[in-house]
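Remarks on the overall topology
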There are 2 protein chains.
Amino acid sequence: MGSTERRARERAEMRERILDAARNLFASEGYEAVTLRKVADCIEYCPATIYKYFEDKDAMVRALVEDDIAMVMATIQPSMAEQTPLECLRSFGCAYIEMGLERPNHYRLMFMTPLLPVDDPLFRKKRADPQTDSYGLFLSVVQECVDAGLFRADITDACLVAQTIWAGLHGVISLHIACGGNDTYDWRPVRDRAIFMHDLLINGMLRVPAIVLPTCPSTRPAMPVAASLPESVTP
Amino acid sequence: MGSTERRARERAEMRERILDAARNLFASEGYEAVTLRKVADCIEYCPATIYKYFEDKDAMVRALVEDDIAMVMATIQPSMAEQTPLECLRSFGCAYIEMGLERPNHYRLMFMTPLLPVDDPLFRKKRADPQTDSYGLFLSVVQECVDAGLFRADITDACLVAQTIWAGLHGVISLHIACGGNDTYDWRPVRDRAIFMHDLLINGMLRVPAIVLPTCPSTRPAMPVAASLPESVTP
DNA sequence: ACAACTAAATGAACGGCGTTCACGATAATT
DNA sequence: AATTATCGTGAACGCCGTTCATTTAGTTGT
């Protein structure tokens, strides 16, 4: 008796040790740098052992990334209650920008890498990622703005609005991650571009374009996340 | 005599045969599916031979992708002369959207994949890609719009404008490539979103928001490109 | 025409990767 | 104490990109 609980706990702890070892490699050096042999070395087990805890390498890394991102996005939820819908909209965007810029390797795996070939039979199965929750929350914020009559008369599709704001911020972030090191483009500061994009999109859709609120300070405190460290991006 | 020219020609032909074999694999199945052994099989040479023509796999695939994209972007250049700056701006965006949607694997490698870790010593060396030319052309079009006084008084930085329009379109395209298969998001049609984004950004910056011009038809003829075929995206 | 030289192409190997599986070791249950 | 389930392992498999000494083919010089 009781021992089955202990077993389960030990199993969960082992799982976490694997994830922590993988996280250190992934966060600082990216997906390719995460090697089952390296992770195994790190926790002093043999590579095959990892397969007792994860289906394969991809499942392991994705578990890690989804955990981390869900944790980051969860930190902004509390402030939602005490803000107007429009403030929520802006806060959400700013949080998303910082998340992408601070954790480029996480961002890359989640939003810049197709999970599977579109025709793959496993395709349906793997589509239950928790990131959906964040999107759902964002969508509901947009819907509130629509319901409050904040947008132009011809803009009633909250889904289209949400997807467009998402795409705009994603464009700035992902282009920065992929091409930000190419100095032939003479990039403007990435946070300036992100804010410019954000305001352009929101003001372009508002019925009464608002004065830009003092959100999104360029120097914003880093958001807490497990084992948060500076990341560099790898090819 | 003359034989050195023939040698050079034969060398170039061999190079093209390698690129063509690689292109077929890459366009339909993505980067990971391009294997030096498969390419070598395809052209009936041994894998090591490829190294006489390309530094490594990455150089081979990038050569192929850059060729193809440069060819696509070159097709829009002729129409530039007979259009107003604003029309050029829109045409450019539309061409870019179609290029990304029709050749997702090309797009992914060029704009969604960091070339090298940012600190890498080889970093500087590899930064002479021809895509820069397209960006330069686009930038000059934006500059024309600025000079013509089309934009708001506070929008004078052509570079910021170009990078923002690019990022907006890139956001729609890349999010479609990476997450377009995830139907939990209830995506609106990708071309609708791209046009919505395009108009929102341009109109948001114009001094006098324009009526939307009849560009960007949803059913646009495919642009010609070497060995153009439908692509699927792989993880 | 033959030898000397140069460039092209190769087979075999290296080290690394994700993954599998039959087999011991260990702990829990009966 | 015997049985059963779980955990962990070593060794292998088949792939990958890449290297290199060696062989082959073709050009050049005499």
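Residues numbered from 1 in each chain as written. Chains lettered and ligands numbered in written order. Predicted model: local features only at pLDDT ≥ 70, side-chain atom pairs only at ≥ 80, totals over all residues.

Time to look at the overall build of chain A. Across its full length, chain A carries ten helices and zero strands. Taken across its 235 residues, chain A has 36% of its residues classed as buried. (Helix = DSSP H or I, 4+ residues; strand = E, 2+ residues; numbered from the N terminus. Buried ≥ 20, exposed ≤ 12 C-beta atoms within 10 Å, placed from the backbone.)

Taken together, 18 residues surround DNA strand C, and among them A:Ala48, A:Asp56, A:Lys57, B:Tyr45 and B:Ala48 come closest. Looking at the surface near DNA strand C, the elements with two or more residues in it are helix H1 (3-29), helix H2 (36-43) and helix H3 (47-50) of chain A together with helix H1 (3-29) and helix H3 (47-50) of chain B. Per element, the largest residue contribution to the surface near DNA strand C is three residues, and it comes from H2(A). By residue class, the composition of the surface near DNA strand C is eight nonpolar, four polar and six charged. (Near = placed C-beta within 6 Å. Nonpolar A, V, L, I, M, F, W, Y, C, P; charged D, E, K, R; others polar.)

Bringing the environment of A:Arg108 into the picture now. Residue and element names in this part refer to chain A. Topologically, Arg108 is positioned in helix H7 (residues 104-111). Classification of Arg108 as buried rests on a count of 25 C-beta atoms within 10 Å. Once the C-alpha coordinates of Arg108 and Ile76 are considered, the two residues, 32 residues apart in sequence, prove to be 21 Å apart.

Lining the immediate environment of DNA strand D, one finds 19 residues, of which A:Tyr45, A:Ala48, B:Thr35, B:Ala48 and B:Asp56 sit closest. Counting residues per element, the ones that place at least two in the surface near DNA strand D are H1 and H3 of chain A together with H1, helix H2 (36-43) and H3 of chain B. Among the residues forming the surface near DNA strand D, the class breakdown is eight nonpolar, four polar and seven charged.

The biggest cluster of nonpolar side chains holds 114 residues, and the ones touching the most others in it are A:Ala22, A:Leu169, B:Ala22 and B:Leu169. When residues of this core are assigned to domains, at least three fall in each of domain 1 (1-54) and domain 2 (67-229) of chain A. B:Leu169 has contacts with B:Gly93, B:Tyr96, B:Ile97, B:Ala194, B:Met197 and B:His198, leaving out every residue within four places of it along the chain. (Core = buried A, V, L, I, M, F, W, Y, C linked by C-beta atoms within 7 Å. Domains from an automatic or database assignment. Contact = placed C-beta atoms within 7 Å.)

Where interface size is given, it is often the accessible area lost as the parts come together that is meant. Residue and element names in this part refer to chain A. Here chain A is described as being made up of domain 1 (1-54) and domain 2 (67-229). With eight residues of domain 1 at the interface, the matching set in domain 2 holds four residues. Its residues assigned to classes, the side of domain 1 that touches domain 2 shows three nonpolar, three polar and two charged.

What follows concerns helix H4 (residues 57-74) of chain B. Helical geometry note: an α-helix holds 3.6 residues per turn, so side chains three or four residues apart project in the same direction. When the terminal C-alpha atoms of H4(B) are compared, their 26 Å separation across 18 residues agrees well with the 26 Å that a helix rising 1.5 Å per residue should span. For H4(B), the complete set of buried residues consists of B:Met60, B:Val61, B:Leu64, B:Val65, B:Asp68, B:Ile69, B:Val72 and B:Met73. (Expected span 1.5 Å × (residues − 1).)

What follows concerns the environment of B:Val72. Residues and elements named next belong to chain B. Note on placement: Val72 falls in helix H4. Using a count of 22 C-beta atoms within 10 Å as the deciding quantity, one classes Val72 as buried. Placed 35 residues apart in sequence, Val72 and Arg37 show a C-alpha to C-alpha distance of 29 Å.

Once that is clear, we can look at the packing of helix H4 (residues 57-74) of chain A against H7(A). The relative placement of two packed helices comes down to the angle between their axes together with the axis-to-axis distance. All names here are of chain A. With their axes 10 Å apart at the nearest point, H4 and H7 run at an angle of 110° to one another. Regarding the angle of H4 to H7, the classification is roughly perpendicular. When you trace H4 past H7, the crossing you get is left-handed. Residues Val61, Val65, Asp68 and Ile69 of H4 form the contact with H7, whose own contacting residues are His106, Leu109 and Met110. (Axes fitted to C-alpha atoms, helices over the stretch in contact; angles between N-to-C directions. Parallel < 35°, antiparallel > 145°, perpendicular 65-115°, else oblique. Left-handed = near helix turned anticlockwise from the far one by under 90°.)

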